[in-house]
Amino acid sequence: MSDRDRNKPCWCGSGLKLKKCHLDRELQKRPAIWEAQRLLSKNSERRVCLHPSAHGSNCADTIAKAHTVRRAADLKSIARDGHVYQTALDIGTIDKNNGDLSVELIGINNASTFRGFCSKHDSATFAPIETADLVLTDEQAFLLAYRPLCKELYAKEAQMESMALIRQSDKGRSTIEQVATQQFASLMEAGIEAGLKDLRRHKAAFDSELVASDFAQMRFVLVRLDCVPDIMCSAVLQPDYSFEGEVIQDIGDLSVELQLVSVTLAATATGGAAVFAWRADSDAAASQLVDSLLRISHEQIPHAIVRYILSNVENAFFRPQWWEGLSTEQREYASARLKQNVGPDDTVGSRYLEDDSLRIVNWQIAGISHKRT
Ligand SMILES: [Zn+2]
Ligand SMILES: [Zn+2]
């Protein structure tokens, strides 16, 4: 090969010269699994402060282990000996169960955490939901949506950084395998990139309101429950289908700007609450989702919420006594829904939120309030 060829941009699109990238890659040493694992866990423990006013001296020296589900108010109220169940996301666990997804116990100090805020900005920003009862002020609705949005962005950035690993994983493989690996990586990156763009756009809108302390753009539906729910969760989601099976937005279309809704299950002074909160710019998708929920009879709404959360929310935690008290059939049903949001086969039919007649919780609705304009 001529010098000129060696100095051409590599075919994989990395932007590097061929000699610095894929030249003789089939002869290179295959990366060890443990190296990959070390890098992955480094990426997922990356410490940053995502607060809009974060910069050097303005931040505390320490990055907090920020809980997205409130530790004292929510996790503690369902914990047994300081532990709750979470969906087992670890491939090893899934394998052990013959591909069946299961749950695993996690200590509440580690449940739902991420390293996305310095300790100063974490405690100052989220005090209105950490230290006061959820009556749902505009500010509380904002914070319930903002925190999982930041966590989602944090996780997506880590995912993008981990793509470098996948691109390196073709060392010592044949040229055909190298091409397949790089094509696969490009596809993955396009999806992550589109997701990042979307999340950054949403976060920028939230950030400017946080800085201005202006939460008037928040919309929400608060479903008050008569008891502490057996499931606690915090997430931002892109509504895909309504509870009646209508398409809300095509989440597979990378060119579409997707709208978001946050979903929270939490404890309150009088029992519990399910909160759907969003900014006005996500009104179309969020309204279509919650309106289809509110057309369901009050007695059945808790079960619909459970269907939605099990099928969509990874960041969910279960009361151990509740999970263990389910019948085998009920547990299989719940596991099948949990698998929809972490398994490799993550396609759901348009009717996945429709009533499937399974009832695994015993929550009654104590009232519903809205703020829609
Ligand atoms: Zn290359
Ligand atoms: Zn900070």
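Since the structure is predicted, the reported quantities are computational estimates derived from the model, not experimental observations.

When its secondary structure is counted, the protein shows 11 helices and 10 strands. Reported as C-alpha extents along the three principal axes, the dimensions of the protein are approximately 75 × 50 × 40 Å. The buried share among the 373 residues of the protein stands at 47%. With the model as given, the accessible surface of the protein reaches about 17700 Å², and the carbon-plus-sulfur share is 51%. Between the centroid of the 44 positive side chains of the protein and the centroid of its 50 negative side chains there is a distance of 7 Å.

One open sheet accounts for eight strands, arranged β3-β2-β9-β6-β7-β8-β5-β10; its pairing is antiparallel. In this open sheet, the two strands that pair with only one neighbour each are β3 (103-107) and β10 (365-371). Across the sheet, the mean angle separating the axes of adjacent strands is 25° when strand polarity is ignored. Pairing analysis gives five bridges linking strand β6 (residues 231-237) to strand β7 (residues 261-268), with the strands arranged antiparallel. When the bridges of β7 are listed, Cys233 appears paired with Leu265. Lying over the sheet, helix α8 (residues 283-294) contacts β5 (218-225), β7, β8 (271-279) and β10, oriented at roughly 150° with respect to β8.

Buried within helix α3 (residues 71-78) we find Asp74, Leu75 and Ile78. Burial along α3 is one-sided: seen end-on, the buried residues are contained in an arc of 80°. Opposite the buried face of α3, at more than 90 degrees from it, the exposed residues are Ala72 and Lys76.

With that out of the way, let us pick up the coordination of the zinc ion (ligand 1). Each donor-metal-donor angle would ideally measure 109.5 degrees in four-coordinate tetrahedral geometry, or 90 or 180 degrees in six-coordinate octahedral geometry. Looking at the zinc ion (ligand 1), the protein donor atoms are Cys10 (SG), Cys12 (SG), Cys21 (SG) and His22 (ND1), and they sit 2.1 to 2.3 Å from it. Each of the four donor atoms bound to the zinc ion (ligand 1) contributes to angles spanning 107 to 115°, and the resulting shape is tetrahedral.

Okay, the pattern of salt bridges next. Applying the stated criterion to the full structure yields 21 salt bridges. Between Asp207 and Lys203 there is a salt bridge, and its shortest N-O distance comes to 2.8 Å. You can see Asp207 and its partner Lys203 sitting in helix α7 (residues 175-212), four residues apart, about one turn around the helix. Pair check on accessibility: Asp207 and Lys203 agree, each one buried. Across the pair Arg351 and Glu354 runs a salt bridge whose closest N-O atoms are separated by 3.2 Å.

Here the zinc ion (ligand 2) is held by Cys49 (SG), Cys59 (SG), Cys118 (SG) and His121 (ND1), and the distances to it run 2.0 to 2.3 Å. Viewed at the metal, the four donor atoms of the zinc ion (ligand 2) are separated by angles of 98 to 116°, and the geometry they form is tetrahedral. Counting gaps between the donor residues of the zinc ion (ligand 2) yields the pattern C-x9-C-x58-C-x2-H. Of this pair, Cys59 sits in the loop between α2 (33-44) and β1 (66-67) while Cys118 sits in the loop between β4 (113-114) and α5 (119-130), and the two are 59 residues apart along the sequence. The pair formed by Cys59 and Cys118 is uniform in burial state, with each residue classed as buried.

The subject of this paragraph is the packing of α5 against helix α6 (residues 138-168). Where α5 meets α6, the closest approach of the two axes is 9 Å, and the angle between their N-to-C directions is 125°. By the criterion of interaxial angle, the relationship of α5 to α6 is oblique. The element α5 and its partner α6 pack so that their crossing is left-handed. On α6, the residues touching Asp122, Thr125, Phe126, Pro128, Ile129 and Glu130 of α5 are Glu139, Gln140, Leu143, Leu144, Tyr146 and Arg147. Grouping the constituent residues of the contact of α5 with α6 by class yields six nonpolar, two polar and four charged.

So, about the environment of Glu189. For Glu189, the position within the fold is in helix α7. On a C-alpha basis, the gap between Glu189 and Asp5 in space is 27 Å, while along the polypeptide they are 184 residues apart.

How each quantity is defined
- Residues numbered from 1 in each chain as written.
- Chains lettered and ligands numbered in written order.
- Predicted model: local features only at pLDDT ≥ 70, side-chain atom pairs only at ≥ 80, totals over all residues.
- Heavy atoms only, no water.
- Helix = DSSP H or I, 4+ residues; strand = E, 2+ residues; numbered from the N terminus.
- Buried < 20%, exposed > 50% of the residue type's maximum accessible area, 1.4 Å probe, protein only.
- Areas by Shrake-Rupley, 256 points an atom, 1.4 Å probe, with all protein chains shown as cover.
- Lys, Arg positive; Asp, Glu negative; His and termini not counted.
- Charge placed at Lys NZ, Arg CZ, Asp CG, Glu CD.
- Pairing = 2+ DSSP bridges.
- Axes fitted to C-alpha atoms, helices over the stretch in contact; angles between N-to-C directions.
- Contact = heavy atoms within 4.5 Å.
- Arc of directions from axis to C-beta.
- Donors = N, O, S within 2.8 Å, 3.2 Å for Na, K, Ca; no water.
- Tetrahedral: all angles 85-135°; square planar, octahedral: opposite > 155°, others 65-115°.
- Salt bridge = Lys/Arg side-chain N within 4 Å of Asp/Glu carboxyl O.
- Parallel < 35°, antiparallel > 145°, perpendicular 65-115°, else oblique.
- Left-handed = near helix turned anticlockwise from the far one by under 90°.
- Nonpolar A, V, L, I, M, F, W, Y, C, P; charged D, E, K, R; others polar.

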